[in-house]
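Descriptive analysis of the structure
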Amino acid sequence: MSSLKPTIEKIISMGPGAEQSSLSYDEIKSAFDVILSGKADPVQVGALLMCLRMKGETPTEIAGMVDAMNDACLSVNLPGRKLLDIVGTGGDGADTINISTASVVLAAACGATVAKAGNRSVSSACGSADVLGALGGVID
């Protein structure tokens, strides 16, 4: 496991609410590269995320996190076909229907080739993977 301790300690040294203080793009991207590779201790991941939230994330830090996530993504390449990518935010707390997954079914029924990013339920009764699995989709 790779240690996130130096990054956590740096954020702690900034103090709570230190939004004007920022990790560098390279520091945060490196930390998120480790997290997304699965080589980080889950307790340290939780500590890092909590420290960032307490400090307040900066645009530079968010950019580094986004780039790390983009680097870790698997691409869907379907030569000669246009692909519609639909995601949902999940967990709206209002117990509404899973509209992003319903929109995938509708778009596919209309002939679109669709990619759906989603997961099993975390904060609601039913996640995208749960719905698509129940409909016979291969999700694993």
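Residues numbered from 1 in each chain as written. Predicted model: local features only at pLDDT ≥ 70, side-chain atom pairs only at ≥ 80, totals over all residues. Heavy atoms only, no water.

1. Concerning the environment of Cys-110
- Of note, Cys-110 is situated in the loop between α5 (99–109) and β2 (113–116).
- The spatial distance from the C-alpha of Cys-110 to the C-alpha of Lys-5 is 50 Å, given a sequence separation of 105 residues. (Helix = DSSP H or I, 4+ residues; strand = E, 2+ residues; numbered from the N terminus.)

2. A look at the nonpolar core
- In this structure, Leu-4, Phe-32, Ile-35, Leu-48 and Leu-52 are the most contacted members of the largest nonpolar core, which totals 17 residues.
- Mapped onto this core, the elements with two or more residues apiece are α1 (5–14), α2 (25–37), α3 (42–55) and α4 (59–72).
- Counting residues per element, this core draws most heavily on α2, at five residues.
- Residue contacts for Leu-48: discarding those within four places in its chain leaves Leu-4, Thr-7, Ile-8, Ile-11, Ala-31, Phe-32 and Ile-35. (Core = buried A, V, L, I, M, F, W, Y, C linked by side-chain atoms within 4.5 Å. Buried < 20%, exposed > 50% of the residue type's maximum accessible area, 1.4 Å probe, protein only. Contact = heavy atoms within 4.5 Å.)

3. Here's the deal with α3
- For α3, which comprises 14 residues, the first-to-last C-alpha distance of 20 Å matches the rise-based estimate of 20 Å (1.5 Å per residue) to within 8%.
- Within the sequence span of α3, burial applies to Val-45, Leu-48, Cys-51, Leu-52 and Lys-55. Taken end-on, α3 shows its buried residues confined to a sector of 130°, consistent with a single buried face. Every exposed residue of α3 that faces more than 90 degrees away from the buried side is listed here: Pro-42, Val-43, Arg-53 and Met-54.
- At its buried positions, α3 is contacted by α1, α2 and α4.
- N-capping of α3 is provided by Asp-41, with a side-chain oxygen placed 2.6 Å from the backbone N of Val-43.
- Just past α3, the residue Gly-56 takes up positive phi, approximately 100°. (Expected span 1.5 Å × (residues − 1). Arc of directions from axis to C-beta. Polar contact = N/O pair within 3.5 Å; in protein donor to acceptor, adjacent residues only side chain to side chain.)

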